[in-house]
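Each chain is listed here by its residues.
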Amino acid sequence: MTDVTGAHADVLHTLFRSEQGGHEQVVLCQDRASGLKAVIAIHSTALGPALGGTRFYPYASEQEAVADALNLARGMSYKNAMAGLDHGGGKAVIIGDPELVKSEELLLAYGRCVASLGGRYVTACDVGTYVADMDVVARECRWTTGRSPENGGAGDSSVLTAFGVYQGMRASAQHLWGDPTLRGRRVGVAGVGKVGHHLVRHLLDEGAEVVVTDVREEAVDRVVATHPAVRRAADTDALIRTEGLDIYAPCALGGALNDDTVPVLTAAVVCGAANNQLAHPGVEKDLADRGILYAPDYVVNAGGVIQVADELHGFDFDRCKAKAAKIFDTTLGIFARAKADGIPPAAAADRIAEQRMAEARAAHTL
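In this report, we go over the structure that sits alongside the text.

Conventions used here
- Residues numbered from 1 in each chain as written.
- Predicted model: local features only at pLDDT ≥ 70, side-chain atom pairs only at ≥ 80, totals over all residues.
- Heavy atoms only, no water.
- Helix = DSSP H or I, 4+ residues; strand = E, 2+ residues; numbered from the N terminus.
- Buried < 20%, exposed > 50% of the residue type's maximum accessible area, 1.4 Å probe, protein only.
- Contact = heavy atoms within 4.5 Å.
- 1 Å grid on protein atoms, 1.4 Å probe; cavity = no way out; pocket = protein on both sides within 12 Å on 5 of 7 lines; lining within 4 Å.
- Points joined across faces, edges and corners; volume = space filled by probe spheres on them.
- Nonpolar A, V, L, I, M, F, W, Y, C, P; charged D, E, K, R; others polar.
- Expected span 1.5 Å × (residues − 1).

Re the environment of leucine 176
Then, in step 1: Structurally, leucine 176 can be placed in helix H6 (residues 158–177).
Then, in step 2: Judged by its relative accessible area of 35%, leucine 176 falls in the partly exposed class.
Then, in step 3: It is 8.7 Å that separates the C-alpha atoms of leucine 176 and alanine 268, two residues lying 92 residues apart in sequence.
Then, in step 4: Contact partners of leucine 176, with chain neighbours within four places excluded, come to Ala268, Val269 and Leu293.

So this is what it looks like as C-alpha cells:
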C-alpha cells in the first residue's frame, strides 16, 4: 500500500509514530546519479545542533532503514545529554552494502544533503563509514567531524569509545563488587572490530581474562594473533553462556539484549559499546529481575561522540580523554539514582537525560 506521494504507508507510519519520541525533522535523501539513498533523522536540537554518525548498511527495506535512523537519532539525544555536550541528537543511514555501492560520488552527494540542513545536523563515522569517508563528505559539507588529522580532524573516534566503555566497566565493578579493578575478572566481548579490539587491550592491560567472538572470523584471528592470551568463543550464543563470566560486553550491532539472550546470560554485568542494546522496552527490567547490572549503552559508549564534538572547537586529545574518563563518575551516579528511585539503571539514565533536555527547552522559551 502507498499513499499519494508513492511512499510506502509503513514508512510514513513509522515517521509519525509518537512512541518513537517526536523527532523534529526527518529528511529522505536521494541522488540518482550516484545511487545515494539515505535517511537523516534529527531527534532534538534542544541542547544544540544535532550530532551523530552516518551508518552505511544493507537494510532489508526502506522501513527498516527509517526505523533504525529514528532509534539511533533518539539514542544520540540521550547520549549527548548524558555526556554533558551542547548537542542534540541526530543520525543518518545510507542504504546499501558499502562494499558494493560506496563511491566518492555517492559520499559527495551525501555531503551535499547534510550541508542542505545548514548546520542543524553534524555528521561523523558509524558502522560502515570511516575517517577517509568523512574526509570526502567534508569536501561538500563543513558540518562533518571524524575527519583525518591531515584534514583538520581528530581521526578514529573508536579509541575513546573503547576507553569510555572501559570506564563504565570499572564503575560497574565498583558498584557491584566494591572495587573498580578488573584484574582477574572474566570479560566476554562480542564484536572485536572498530571499538572491540581497543577494549580488549584495556582489559588485558589491567589483568582481566578475555573471551571474544565476532561474526567475522578474521577479526577474531587478528585479536588472538596480537593477544595470544585471549580465548575465543564459537559465537555470541556460546559467549553469553560461558561459565564464570563476570562481564558481557556487546560491541556489535544493537538488540543484543532480548527475550532469548537475557534468560541465559551468565554475566553479572552488561557493559558494552553497541548502540540500542535493549531490543524492546521491558528488557531493562528483565535484567534487573535477574540481578544483572546493566550499564546503559549510550552512557558508556559516549567517548567517541565526546571526541568528534571536540573536533568542532579545535581537537585536543588530552582534553577529550579527560572528559571521557568522567564516564566512570557518570555511570556511578546513574547506579546511585537507580537505587534511590527503585528503578533499573536504564530508566534512571533516561530520567537524567530527559531532565537536562527539558531544562534546555524551558530556557529557550524564557
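Things to note about the layout of surface pockets
Then, in step 1: In this structure, the second largest pocket encloses a volume near 910 Å³.
Then, in step 2: Every residue lining the second largest pocket is counted, 32 residues in all, and those nearest its centre are Asn71, Arg74, Asn276, Leu278 and Pro281.
Then, in step 3: Counting residues per element, the lining of the second largest pocket draws most heavily on helix H2 (residues 62–82), which supplies eight residues.
Then, in step 4: Residue classes in the lining of the second largest pocket are distributed as 14 nonpolar, nine polar and nine charged.

Some points on H2
Then, in step 1: Compared with an ideal rise of 1.5 Å per residue, which puts 21 residues at 30 Å, H2 spans 30 Å between its outermost C-alpha atoms and is within 8% of the ideal.
Then, in step 2: Most of H2 sits inside the fold, with 15 of its 21 residues counted as buried.
Then, in step 3: Trailing H2 by a residue or two, glycine 84 shows a phi angle of about 75°, which is positive.

Describing unusual backbone geometry
Then, in step 1: Although it is not a glycine, asparagine 276 sits at a positive phi angle of roughly 50°.
Then, in step 2: In this structure, asparagine 276 sits in the loop between strand S11 (269–270) and helix H10 (283–289).
Then, in step 3: Using a relative accessible area of 29% as the deciding quantity, one classes asparagine 276 as partly exposed.

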